[in-house]
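Observations on the three-dimensional arrangement
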Amino acid sequence: MKQITILSGKGGTGKTTITAAFAVLAREAVVADCDVDAPDLHMLLHPEILETREFRGSKMAVINESKCIKCGICREKCRFDAITQDLTVDPFSCEGCGVCAIVCPVNAVTLTERISGYAYISKIKYGFMAHALLNPGESNSGKLVTVVRQNAKLLAEREKAGLVIIDGPPGIGCPVIASVTGVDAGLVVTEPTMSGIHDLERAIQLLRHFNVRPFVCVNMYDINEDNTNKISRFCKENSVEVIGKIPFNPVVTEAMVNGKSVMEYSPKCDVAKDIATMWDRLCRELSLR
Amino acid sequence: MIVAVASGKGGTGKTSLAVNLAISIENAQLLDCDVEEPNAHLLLNPKITRQEPVYRLVPSVNEELCDYCGKCAAFCQYNAILTVPGKILFFPELCHGCGGCILTCPKKAISEGRSRIGIIKEGFTDGLRIIFGELEVGEPMASLLVREVKRRIDKSRNVILDAPPGTSCPVIETVKGSDFCILVTEPTPFGLHDLKIIVKVLEDMKIPHGVVVNRAGIGDKKVYEYCKGKGIPILLEIPYQRRIAELYSRGVPFSLEMPEWTDKFQKLFEDVKELVGN
């Protein structure tokens, strides 16, 4: 089984559009949406949920007011500024570490588990999908990403699918790291803007750091061809292959408004053709067929 | 006043809005809290006047004192320590730096070392102060660096915070304590879906908020219907224009080349002030 992660560094460069297109092209793959705090892939692939599991990713401190003697030691020892001046727990700052519970001289603090989200296993038209939803404002998205990836792997083994396609979150922090560790390739989707270039460089460094083979796709390459050339030069100098260039076309947004992948909505348009060409090249590079 | 700029979905134009707003108003301080991929400085080319590395505390074990009792491992909620007879293993990438292992160790075998997580840079362009953090590649704990960036808030100025995308920890860390949050969205199903999630977060945190619709004209009308239904004010619309996209791609804040927008950003700031009740 092979695993490929679509990532970007910068948000909004087209990760989900490309992941959905790959799902259509791959036919029988397992798709994993690892952007667990803002998942969008389900709006294009319409998963039919087969299984839902609670995700208990983090704990939270609870202070028993009748026991509390207001000594303030917990507030002093908490490194996350999660105990307020009137000695209550700020749920948005608490990281559930438990230090307050062990320093409390009267055992007034306990840790309670909270449901931080849900993980789903679903059927899609083109195979299966593992996805999740983190409750708004929850921490520990990296852990939920790991759950989604485990689910995807199990699904792939059970269904004898040869490929897992992972839609990653933006950035390079904890949930992105959880999305790229141990995969066979990372496809960085970038755009020809100053920000896109800057973030691409950091995303490639991240893949190298974790020994993942990088590929690059320049989306909307025609909005600034000078910058696209800069990206090509940068990639060449760093021995990274630019495996696809996709033009700007409002049809991508139209497809999204209609809840479809661009491959289904307008299979003959330039965007669909270029994504298909990129997919073929990627399959060859990774010996997928 | 502290105003955060967030979005849920990435790439909707947070940084573009934060930068254009900051250069349009007087006495501003811009803090780029997207430490994973800071971009505001690319549009401003500030003269950097100060750089400071940021460290996090990570435990280090003195194996001569350790008797592998496993109390630290049992305490650690993040599974960052593993003890087996005769061996203790530490996984720094999982450590949140709470310091609990040190408190639980009966042999006082654990002390704290530090590990570099990134750098904070401060500089200025004209009258605008800019501060941004850069997370070290491979370092997962972005929130800590966000917290350090925010320690440099100068309350005597009009503070603009540029948040990372999403709704998880680093975003919460950014918007926490803000007087207002401007949500930049695009009028598409993805934009709306992620907008709803961040609105829920802000409602829970009781932070007043309003929406700026970027790339107005693409997609559909559902963002407008949603905001109307929720009573969320639409503060500004920025139309989809090739010129704006091109300027952004070259790293130019569009209000510099399209000066009619300076007034609109000033008005946006005045409207936010009024909503906050200053």
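The rules behind these values
Residues numbered from 1 in each chain as written. Chains lettered and ligands numbered in written order. Predicted model: local features only at pLDDT ≥ 70, side-chain atom pairs only at ≥ 80, totals over all residues. Heavy atoms only, no water. Phe/Tyr/Trp six-rings, centres within 6.5 Å; stacked < 30°, edge-to-face > 60°. Helix = DSSP H or I, 4+ residues; strand = E, 2+ residues; numbered from the N terminus. Buried < 20%, exposed > 50% of the residue type's maximum accessible area, 1.4 Å probe, protein only. Lys NZ or Arg CZ within 6 Å of the ring centre and 35° of its normal. Pairing = 2+ DSSP bridges. Axes fitted to C-alpha atoms, helices over the stretch in contact; angles between N-to-C directions. Contact = heavy atoms within 4.5 Å.

Following the criterion strictly, the structure yields 5 aromatic pairs over all chains and no others. On the basis of an interplanar angle of 10° and a centroid distance of 6.0 Å, the ring pair of phenylalanine 248 of chain A and tyrosine 240 of chain B is categorised as stacked. One end of the pair, phenylalanine 248 of chain A, is in the loop between β11 (241-246) and α9 (251-257); the other, tyrosine 240 of chain B, is in the loop between β11 (234-239) and α9 (242-250), on a second chain. Using a relative accessible area of 28% as the deciding quantity, one classes tyrosine 240 of chain B as partly exposed. Counting every residue linked through ring pairs, the aromatic cluster contains Phe254, Trp261 and Phe265 of chain B. One cation-aromatic arrangement involves lysine 123 of chain A over phenylalanine 128 of chain A; the distance from NZ or CZ to the ring centre is 4.8 Å.

Here we take up the sheet that holds strand β3 (residues 48-55) of chain A. Residues and elements named next belong to chain A. Strands sit in the order β3-β6-β7-β2-β8-β1-β9-β10-β11 across an open sheet of 9 strands; the sheet is mixed. Since the sheet does not close on itself, it has two edges, and those belong to β3 and β11, each with one partner. Averaged over all pairs of adjacent strands, the angle between their axes in this sheet comes to 20°, without regard to strand direction. Packed on one face of the sheet, helix α7 (residues 194-209) meets β1 (2-7), β9 (185-190) and β10 (213-219) and runs near 175° to β9.

Strand pairs in the sheet, formed through backbone hydrogen bonds, run parallel or antiparallel to each other. All names here are of chain B. Reading across from one edge, β3-β6-β7-β2-β8-β1-β9-β10-β11 is the order of the 9 strands in this open sheet, with mixed pairing throughout. Both outer strands of the open sheet, β3 (47-61) and β11, are each paired with one neighbouring strand and no more. Averaged over neighbouring strand pairs, the angle between their axes works out to 20° when direction is ignored. The pairing of strand β2 (residues 28-32) with strand β8 (residues 158-162) spans 5 bridges and is classified as parallel. Each residue of the ladder has a partner; that of glutamine 29, found in β8, is valine 159. In the packing of helix α8 (residues 222-230) onto the sheet, contacts are made with β9 (180-185), β10 (209-216) and β11, and the angle to β10 comes to roughly 165°.

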